[in-house]
Amino acid sequence: MDEKPIKNKIKLIRPETLEFIILYSQLRGKAFASNLALAEALGFNNPSSITEIIKSRQNIDPEKLKIFKEKYSEYITGAKNTVKSEQPTGPRAKFEGIPMYEIIATASGVEVYSDINDKEPMGHMNFPGIEDCDFALPVWGHSMYPYLENGCWVALKIIHDRKILPGEVYYIEWGDYRMYKRLLASDNEDEVIAHSDNITEMVGDRLKYSPFVIKIEEIKKLCLVKDIHKKHNH
C-alpha cells in the first residue's frame, strides 16, 4: 500500500476566518453568552467547533460566517471587521503586540544561545488570541516539521513555574543552545524527553533528530508555543 504524504499542519488563515475571530472577540458576552449558544445559532454540532476556529485557527466555512453576520448584524454595525482597521479604543487600545526578535540559525539548525533581551525587537506581532504571550521568534531548521515549518513565526508564553504539560511543544533555552521540542514525560520526574516531530530524515540508519533527555532544572527558559504564523513569501 502506498504511503500517503505527510500533510503540512501549518495552515494559511483565510480572510473570512480572521474576520470571524475579530468579530467573535468583540461580540462574545454581548451577542451570545457562550460557545454552546453560538454553535447552536450557526448550526454546529458541537461547541468545540468554535474553539477550533478561535484557538487552532481552523478555517471557517464562508457560509457559516454569512449566517453569523446576518444573525448578529445589529451588534456588528460599526465594529472593526478587518485587521487593517483603525486602532481599537478602550482597555485593549494600549496593546501594541508582542515583540518579535530575529535570530539566525547555525549550520546544525540549532541556535547558539544569546539573550534576546540584549537585542532590539524587529517589530511587533499583534493578532487576536496572543495577548497573553510574551514574545515571538522565528522557527529555524526542520527538526519539528511538519508541526513547525522553517521560517514561520511562533508566539510564545513564558512558563515561570516550570510546569510542563507532556506532549506540548515548547521553546527552550538549554545549555548553550535554544530549540523547539515536544517535551514528553520521562521515567524520572526531574527529567523530560526532548522529542523532534521530524522522524523521516535519517543519517545512515539513525534518526537525524533523535530524542534526548533533559534535566528540568537545567532548562534556562521554558516557553509554551501558543500560536503559529506562517511566514509569507513576497
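Worth saying up front: this structure is predicted, and the values here are computed from it rather than measured.

Participant: Explain the nonpolar core to me, using residue names and the numbers behind them.
Facilitator: If you look at the biggest cluster of nonpolar residues, it comprises 18 residues, and the most contacted ones within it are Phe20, Leu27, Phe32, Leu38, Ile50, Phe68 and Tyr72. Mapped onto this core, the elements with two or more residues apiece are α1 (15–27), α2 (35–42), α3 (48–56) and α4 (62–71). Sorting elements by how many residues they give to this core places α1 first, with five residues. Each residue touching phenylalanine 32, except ones within four places of it in the same chain, is listed here: Tyr24, Leu27, Leu38, Phe68 and Tyr72. Listed in part, the 17 residues of the second largest apolar core include Tyr101, Val139, Cys152 and Val225.

Participant: Tell me about the packing of α1 against α3, residues and numbers included.
Facilitator: Across the interface, α1 lies against α3 with an axial gap of 10 Å and an inter-helix angle of 105°. Relative to α3, the element α1 lies roughly perpendicular. Contact residues: α1 offers Thr17, Phe20, Ile21 and Tyr24, while α3 offers Ile50, Ile53 and Ile54. Per-class residue counts for the contact of α1 with α3 are six nonpolar, one polar and no charged.

Participant: Give a detailed account of unusual backbone geometry, specifying residues and quantitative values.
Facilitator: A cis amide bond links tyrosine 145 to the next residue, proline 146, at an omega of 15°. Positionally, proline 146 belongs in the loop between β4 (135–138) and β5 (153–158). For arginine 162, which is not glycine, the phi torsion reads 60° and is therefore positive. Tracing the sequence through the fold places arginine 162 in the loop between β5 and β6 (169–174).

Participant: Just give me the short version of the confidence of the model for the protein, but keep the residues and values in it.
Facilitator: Considering every residue of the protein, the mean pLDDT works out to 80; 79% of them sit at 70 or more. By mean pLDDT, the top-scoring element of the protein is strand β8 (residues 191–195) (96), and the lowest-scoring one is strand β2 (residues 111–112) (60). Under a pLDDT of 50 for its full length, residues 3–11 has, in the predicted model, 16 contacts with residues more than four places off or in other chains. Within the model, the stretch residues 79–93 combines pLDDT values under 50 with 17 contacts to residues more than four positions away or in other chains.

Participant: I'd like to hear about α1, residue by residue, with values.
Facilitator: The end-to-end C-alpha distance of α1 is 18 Å, a good match for the 18 Å that 13 residues give at a rise of 1.5 Å each. When we look at burial in α1, the residues that qualify are Glu16, Thr17, Leu18, Glu19, Phe20, Ile21, Ile22, Leu23, Tyr24 and Leu27. In this fold, the buried residues of α1 make contact with α2, α3, α4 and α5 (73–76). Following α1 by one or two positions, glycine 29 has its phi on the positive side, about 85°.

Criteria and cut-off values
Per chain, residues are indexed from 1 in the order of the written sequence. Thresholds applied to this predicted model are a pLDDT of at least 70 for local features of residues and 80 or more for the giving and counting of side-chain atom pairs; totals over whole chains, interfaces and linings are not thresholded and use all residues. Hydrogen atoms and water are omitted, and side-chain values are computed over all heavy atoms in the structure. To form a nonpolar core, buried Ala, Val, Leu, Ile, Met, Phe, Trp, Tyr and Cys residues must be joined to one another through side-chain atoms within 4.5 Å. Exposure is judged per residue with a 1.4 Å probe applied to protein chains only, and the accessible area is read against the type maximum: over 50% gives exposed, under 20% gives buried, and values in between give partly exposed. By definition, any uninterrupted DSSP run of H or I lasting at least four residues is a helix, any uninterrupted run of E lasting at least two residues is a strand, and each is numbered from the N terminus. Residue contacts are counted whenever heavy atoms from the two residues lie within 4.5 Å of one another. Only the stretch in contact is used when a helix axis is fitted, and all axes are lines through C-alpha atoms; the angle between N-to-C directions ranges over 0 to 180 degrees. Our angle categories are set so that under 35 degrees counts as roughly parallel, over 145 as roughly antiparallel, 65 to 115 as roughly perpendicular, and the remainder as oblique. Put simply, Ala, Val, Leu, Ile, Met, Phe, Trp, Tyr, Cys and Pro go in the nonpolar bin, Asp, Glu, Lys and Arg in the charged bin, and everything else, Gly too, in the polar bin. Values of pLDDT, ranging from 0 to 100, describe the predictor's confidence in every residue of the model. Here the expected length of a helix is defined as 1.5 Å per residue gap, with one fewer gap than residues.

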